[in-house]
Amino acid sequence: MKLRYSISWLTLASILMYSLFVFIIQTAFISPAFDRIEDESARRDLERTLNSLKIEQEHISLTARDYGQWDDTVSFVRTLNRDYINSNMLPETFKNTGLDFFAIYNDKGTACYSSRINKKGFIVPWKGLERDTLLKRLLNHGSGLNNINGIIHTEMGYCIVASSPVLKSDGTGPSAGSFITGKIIDGDMTIKLRSISGVPAIFGEEHIQGKIVNAASGLNLNNIIIEREKGNICAKTVIETVDGIKPYSVKSITDISATTAGRRIIYSFLITGLIFGAGFSFFSGFFLQKMVSRPINSLAETARFINLTADSAAVPAELINRKDEIGSLAASFNIMHQRLRTSHKEISKINETLEEKVNERTAELVRANDNLMFMARVMESTSEGVVITDLNANMLKVNESFCRMSGYEQDELLGRNPGIMKSDRQDTAFYEDMWERLTSTGQWSGEIWDRRKNGDIYPKWLTINTIYDENGRPVNYVGICADITRIKKAEEQVHRLAYFDPLTGLPNRTLFHDRLSQAMGRSNRYRHRIGLLYLDLERI
């Protein structure tokens, strides 16, 4: 096929390929990408809405725990002394805590106090938990009076409720009953939740139109549906109430006008690019036909007359002396030929010294191998445990001391992660901090507890360093460890001698002062008295 026809077909194919490319980009990438962005935005808005409910739930739970774990509350449940109600259950209490009702039950499930504040600011009796045997349903559903934490449906509507066992101020039991408090999700509460989340939301729908969604346990973002409604995208979910009778629904409304405008702008750019690309391809084809195809065709006709001799040592002079493009091309070939001859001579000289350089390199490799063998002997003869790993912490080399310390054979350790020896004495945060310091500073050292193959847990002092290549990139980690069981036992003996009498084994004066300081601290914190009994045992 002649070049001018190839250019025409190439121009047409370019236009068609660009059109197909635009269609694929729009269908497979741009539109799904915007859909994902809108869906994620709706999910985030719904999550912020649920977080606003969680914030209120945490506030109510803290209030229930503060009142429930109080000596005065325990005393009221046992004696029904009205001074507790007159001093603590005042309109100011409801206003300061922002709650709508309080209820106190004894350990038999009998209400000792149950009141709420009305719209006028007066405290009125409230039997919300007894209504329609709601209290019985809570017990049957497994919530229990000491474990209410969520949303329930009462005669006043949906409420956020939390309870706490009635315990002493120091948190000790047994439980004398349950302290329950909560807040009604009314119009004012809905406005507050929207203000906290910053998301337009609808609370309390009893069902969701269009699709059925299973209720999620607690205030968790589990089962949701996403729908588009009149320029908005809505994320909806249903929350299971504490009593399990009437679920509570939440719907967030997300404005997608910005992404819609973005879609239109990108579509406009693609269409504009398609038109421009088609025009550019057409004029490029026309230009190539005139400026490239025809001159090359002329050169091809001229090239038929070029006849190089069998001797490739030089380009024929008649070709070099031509004054057209063929002459320039022949001159270029001649220059390239001279450079090749020069390069050939240089390569011959290099070949003469290649064997000498190979011998020198071989000697260097032998010396390097001797050094490696020496380092291997040093590693095997040291009393400390040595382990070398890759960057993924997979063990590549361990010495005999490390095997004796861990109880494993070399074949059982190579290729595995040191986590097989983890004793669980340190938590995940300890290991995260260790790796963060190792990757940021290149080294870490400290005390760590490991487990031997036979199950024994022992302490050891571990030092980890990073090995870098000649470019400064980390390639391996090397760890050196020593068993410090004897040191730990010595520390325990020192602690024993510091706080206990060596003759009788009883706590000494230092330990007495420490415990007395702790008791006085608790007394100041919880505002109660402590007693100190002093006995002189000298004459007994």
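Look up a bit, the structure's there.
Everything quoted here is computed from the prediction, not taken from an experiment.

## As for the nonpolar core
And then number 1: In this structure, M89 and I104 are the most contacted members of the largest nonpolar core, which totals 39 residues.
And then number 2: Broken down by element, the residue count for this core peaks at 7 residues, all from helix α1 (residues 3–68).
And then number 3: With sequence-adjacent residues up to four places away left out, M89 is seen in contact with Y67, Y84, F102, I104, Y113, I123 and F179.
And then number 4: Listed in part, the 19 residues of the second largest apolar core include M405, Y431, I448 and C481.

## Digging into the sheet that holds strand β7 (residues 201–203)
And then number 1: Pairing is antiparallel in the open sheet, where 4 strands are placed in the order β7-β10-β9-β8. Two strands bound the open sheet, and with one partner strand each, they are β7 and β8 (224–229). Taken pair by pair, the neighbouring strands of this sheet meet at an average axis angle of 20°, ignoring direction.
And then number 2: Pairing geometry for β7 and strand β10 (residues 248–255), over 3 bridges, is antiparallel. Across the sheet, residue F203 finds its bridge partner in β10, namely V250.

## Thoughts on unusual backbone geometry
And then number 1: In this structure, D424 takes a positive phi of about 70° despite not being glycine.
And then number 2: Mapped onto the secondary structure, D424 falls in the loop between α11 (410–413) and α12 (428–441).
And then number 3: Given the relative accessible area of 58%, D424 is considered exposed.

## Things to note about the sheet that holds strand β13 (residues 443–451)
And then number 1: Within the open sheet, the 5 strands sit side by side as β12-β11-β15-β14-β13. Their pairing is antiparallel. In the strand order of this sheet, the two ends are held by β12 (395–398) and β13, each with one partner. Neighbour-to-neighbour, the strand axes of this sheet turn through a mean angle of 25°, independent of strand direction.
And then number 2: Across the face of the sheet, α12 comes into contact with β13, β14 (457–468) and β15 (474–483) while running at roughly 150° to β13.

## A few points about the pattern of salt bridges
And then number 1: Taken as a whole and judged by the stated rule, the model has 12 salt bridges.
And then number 2: Put simply, R361 and E364 hold a salt bridge, and the shortest N to O gap is 3.2 Å. Of this pair, R361 and E364 are both found in helix α9 (residues 325–381), 3 residues apart, which corresponds to roughly one turn of the helix.
And then number 3: Looking at R361, the relative accessible area reads 48%, which means it is partly exposed.
And then number 4: The exposure class assigned to E364 is partly exposed, which follows from its relative accessible area of 38%.

## What to know about the environment of N417
And then number 1: For N417, the location among the structural elements is in the loop between α11 and α12.
And then number 2: In contact with N417, not counting residues within four places along its chain, are N392, A393, N394 and M395.
And then number 3: A polar side-chain atom of N417 sits 2.8 Å from the main-chain amide nitrogen of G419.

## Regarding the packing of aromatic side chains
And then number 1: Evaluated as defined, the whole model comprises 12 aromatic pairs.
And then number 2: Aromatic pair F430 and Y431: ring centres 5.3 Å apart, planes at 85°, arrangement edge-to-face.
And then number 3: Since its relative accessible area comes to 17%, Y431 is described here as buried.
And then number 4: One cation-aromatic arrangement involves R425 over W449; the distance from NZ or CZ to the ring centre is 4.0 Å.
And then number 5: The ring of Y458 has R452 lying over it, and the distance from NZ or CZ to the ring centre is 3.9 Å.

Conventions we followed
- Residues numbered from 1 in each chain as written.
- Predicted model: local features only at pLDDT ≥ 70, side-chain atom pairs only at ≥ 80, totals over all residues.
- Heavy atoms only, no water.
- Core = buried A, V, L, I, M, F, W, Y, C linked by side-chain atoms within 4.5 Å.
- Buried < 20%, exposed > 50% of the residue type's maximum accessible area, 1.4 Å probe, protein only.
- Helix = DSSP H or I, 4+ residues; strand = E, 2+ residues; numbered from the N terminus.
- Contact = heavy atoms within 4.5 Å.
- Pairing = 2+ DSSP bridges.
- Axes fitted to C-alpha atoms, helices over the stretch in contact; angles between N-to-C directions.
- Salt bridge = Lys/Arg side-chain N within 4 Å of Asp/Glu carboxyl O.
- Polar contact = N/O pair within 3.5 Å; in protein donor to acceptor, adjacent residues only side chain to side chain.
- Phe/Tyr/Trp six-rings, centres within 6.5 Å; stacked < 30°, edge-to-face > 60°.
- Lys NZ or Arg CZ within 6 Å of the ring centre and 35° of its normal.

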